[in-house]
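Geometric and topological summary
Given next are the chains, with one letter for each unit.
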Amino acid sequence: MRGKRRKEAKTSNLILLAMGLFALTFIAAMTAIFCVKGAVPDTLIQYTLGAGGAEALLLAGIKISKVVSGKSFGEGEDTCE
């Protein structure tokens, strides 16, 4: 059966992938704006990348709390189908 072979994507991995793609797109857009306008929206960059960093810290905290509580890495984590 194909469903058993295919490893389910974990929610945290999907969130990290989405964050990475967003950051890559955002940085490319800010580089293009800098090349065209010659100015950088510093506040926008600071808050956008700061929010991504906060999200990554929260995901790390969840992983650490699972390790401390004795759960293994993949055990009990939500999966998207």
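Residues numbered from 1 in each chain as written. Predicted model: local features only at pLDDT ≥ 70, side-chain atom pairs only at ≥ 80, totals over all residues. Heavy atoms only, no water.

1. Some details on the overall build of the protein
A tally of helices and strands in the protein yields three helices and two strands. The N-to-C order of helical and strand elements in the protein reads α-β-α-α-β. For the protein, buried positions account for 10% of its 81 residues. Taking the intrachain contacts of the protein between residues at least 6 apart in sequence as the baseline, contacts between residues at least 24 apart amount to 64%. Working note: accessible area of the protein is about 6500 Å², and carbon and sulfur atoms make up 67% of it. (Helix = DSSP H or I, 4+ residues; strand = E, 2+ residues; numbered from the N terminus. Buried < 20%, exposed > 50% of the residue type's maximum accessible area, 1.4 Å probe, protein only. Contact = heavy atoms within 4.5 Å. Areas by Shrake-Rupley, 256 points an atom, 1.4 Å probe, with all protein chains shown as cover.)

2. Here's the deal with helix 3 (residues 42–69)
An ideal rise of 1.5 Å per residue puts 40 Å on 28 residues; helix 3 measures up with 40 Å between its terminal C-alpha atoms. Residues of helix 3 that are buried sit in contact with helix 2 (11–37). Phi turns positive one or two residues past the end of helix 3, at glycine 70, with a value near 100°. (Expected span 1.5 Å × (residues − 1).)

3. What to know about a nonpolar patch on the surface
A cluster of nonpolar side chains, namely Leu14, Leu17 and Leu21, defines an oily patch on the protein surface of about 270 Å² accessible area. Tracing the backbone through its elements, the reader meets leucine 14 in helix 2. (Patch = residues over 30% accessible without salt bridge, like charges linked within 9 Å, V, L, I, M, F, W, Y side chains within 5 Å. Salt bridge = Lys/Arg side-chain N within 4 Å of Asp/Glu carboxyl O.)

4. Description of the packing of aromatic side chains
For the structure on display, the rule yields one aromatic pair. With centroids separated by 5.9 Å and ring planes inclined at 25°, the aromatic side chains of phenylalanine 22 and phenylalanine 26 adopt a geometry described as stacked. Residue phenylalanine 22 and its partner phenylalanine 26 are both found in helix 2; the two are separated by four residues, about one turn of the helix. (Phe/Tyr/Trp six-rings, centres within 6.5 Å; stacked < 30°, edge-to-face > 60°.)

5. Here we look at the confidence of the model for the protein
On average, the protein scores 78 in pLDDT, and the residues at 70 or more come to 75%. Helix 1 (residues 2–5) is the least confidently modelled element of the protein, averaging 48 in pLDDT, while helix 2 averages 88, the highest of any element. (pLDDT = per-residue confidence, 0-100.)

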